[in-house]
Amino acid sequence: MEDESSESRKKAKLAIIELANMISVPMSLHAVVRLNVADAVWQGGANAPLSAGEILSRLPPRTISSSAASAGDPENLQRILRLLSSYGVFDEHILATAAGEAGERKYSLTEVGRTLVTDSDGLSYGSYVLQHHQDALMRAWPLVHEAVVDPTTEPFAKANGEPAYSYYGKQPEMNELMQKAMSGVSVPFMRSMLDGGYDGFDGVKRLVDVGGSGGDCLRMILRKHPNVLEAINFDLPEVVDKAASIPGVTHVGGDMFKSIPNADAIFMKWILTTWTDEEVKAILSNCYNALPEGGKLIACEPMLPKDSDDSHRTRALLEGDIFVMTIYRAKGKHRTEEEFKQLGMAVGFSNFRALHSVDYFHTVLEFQK
Ligand SMILES: C[S@@+](CC[C@H](N)C(=O)[O-])C[C@H]1O[C@@H](n2cnc3c(N)ncnc32)[C@H](O)[C@@H]1O
């Protein structure tokens, strides 16, 4: 018989309850994004601690109805803010009463919470949060076990009848949110890559971004590297059709599994991870064919560490791996450095290097022909 009162048993029972209830965390995050709480607290940089009631009174008029019957429930908002404070999204400030007891709770944004604040371009990580929790994606999550039972079809396709990208393609609002989510994450990544002194675009004259979504990455590369004279944003036709025009960038619709426009360098970000090894080889092979001798492919992808530790980085990468398995391809995956290298070598690339310092989630991989 287990000794239910032992320290280790008590800790184990607590840990499993925490894991079982973990869904409360992303769903609470989703709620504060839906309610636009981060902008209400940030107030142009003030970030003054506010009570849940004060936050509610600052939310955009259409977020909470102005009728007295539904002016918002400060107690329930505070419950959400308390949980997210425990996960480092908000700082909780507990004011003392005159009698010296714990009084009103107020909340400001931490550095993590600030990623949800809308910037001057209308972007934040909030769209990424919303994109991940759309109904069609949520329908796939109870089917994760199916990826083990039958890996030929990913849970998203089982739940929705077709693969994610073709599903998004038929739903303009999903495509739009996908583009906004990608921009919200990619713009800060590119800023860090370009301002951090990455020199891989030096001397490049014709550059293609494969799966470039709205073209934000190219826009930023062009600004920093006037040596790039031709820039092609290559993505699915239904995606580039909706992309805004960007000076110096030509949007080209196509399918990277069929062919990729020629260039002396190819850029891609967050592409290889969503496909199986065979599909990755097909994409890499089309890149190889589109490059001249000595040309290079610069791919920015999540890369798995060898060890399974409990650091934020490892957890974010492992969680993303399960996301890919569930939503995009049951055998699409986050890969290790060695796995990327082997896939590149298999299609003919002769040199490979991985740069880890640009970002903690995406690693910059260079494959040279
Ligand atoms: C995860 S998003 C990355 C977007 C962008 N590179 C970024 O990081 O912000 C993957 C992109 O691949 C595009 N894509 C999917 N299948 C494709 C295909 N067969 N040919 C070209 N692009 C494709 C999607 O439309 C989407 O824009």
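Conventions used here
- Chains are numbered independently. Their residues run from 1 in the order of the written sequence.
- Reporting of local features is limited, given that this is a predicted model, to residues whose pLDDT is at least 70; pairs of side-chain atoms are given and counted only at 80 or more, and all residues count toward the totals for whole chains, interfaces and linings.
- Put simply, DSSP H or I for four residues or longer makes a helix, DSSP E for two residues or longer makes a strand, and each gets a number counted from the N terminus.
- Note on method: radius of gyration uses C-alpha positions; expected globular size equals 2.2 Å times residues raised to 0.38.
- Here the contact rule is simple: place C-beta atoms from the backbone, and any two residues whose C-beta atoms are within 7 Å are in contact.
- The rule for pairing is simple: two strands pair if DSSP sees at least two bridges between them.
- As a rule, the C-alpha atoms of each element are fitted with a line to give its axis, helices using only the stretch in contact, and angles between N-to-C directions run from 0 to 180 degrees.
- By definition in this entry, angles of less than 35 degrees are roughly parallel, angles greater than 145 are roughly antiparallel, angles of 65 to 115 are roughly perpendicular, and the rest are oblique.
- Note on convention: the crossing is left-handed when the near helix lies turned anticlockwise from the far helix by less than a right angle, right-handed when the turn is clockwise.
- Gly is placed with the polar residues, together with every amino acid not listed as nonpolar (Ala, Val, Leu, Ile, Met, Phe, Trp, Tyr, Cys and Pro) or charged (Asp, Glu, Lys and Arg).

### With respect to the overall build of the chain
In terms of helices and strands, the chain carries 17 helices and 9 strands. Its C-alpha atoms give the chain a radius of gyration of 23 Å, near enough to 21 Å, the size a compact globule of 369 residues would have. Each principal axis of the C-alpha atoms in the chain carries an extent, and together these give about 75 × 60 × 40 Å. Intrachain contacts of the chain at a sequence separation of at least 6 include 63% that bridge at least 24 residues.

### Considerations on the sheet that holds strand S3 (residues 206-210)
The strand order across the open sheet formed by 7 strands is S5-S4-S3-S6-S7-S9-S8, and the pairing between neighbours is mixed. Two strands in the sheet have a free side with no partner beyond their single neighbour: strand S5 (249-253) and strand S8 (351-355). Direction aside, neighbouring strands of the sheet carry axes that sit 20° apart on average. Sheet topology note: the strand S7 (residues 296-302)/strand S9 (residues 362-368) ladder contains 7 bridges and is antiparallel. Each bridged residue has a counterpart across the sheet, and for Lys-296 the counterpart in S9 is Gln-368.

### Digging into the pairing of strand S2 (residues 102-109)
For strand S1 (residues 90-96) and S2, the ladder comprises 6 bridges, and the chain directions are antiparallel. Across the sheet, the residue bridging to Ala-96 is Ala-102, located in S2. Between the end of S1 and the start of S2, which pair antiparallel, lie 5 residues, with Gly-100 showing a positive phi angle near 85°.

### Here we look at the packing of helix H12 (residues 172-195) against helix H13 (residues 216-224)
Packing of H12 against H13 leaves a shortest axis separation of 9 Å and a crossing angle of 25°. Relative to H13, H12 is oriented roughly parallel. In this structure, the crossing between H12 and H13 has a hand that is right-handed. Residue-level inspection shows Ser-183, Ser-186, Val-187, Met-190 and Leu-194 of H12 in contact with H13, the latter providing Asp-216, Cys-217, Met-220, Ile-221 and Lys-224. Tallied by class, residues from the contact of H12 with H13 come to 6 nonpolar, 2 polar and 2 charged.

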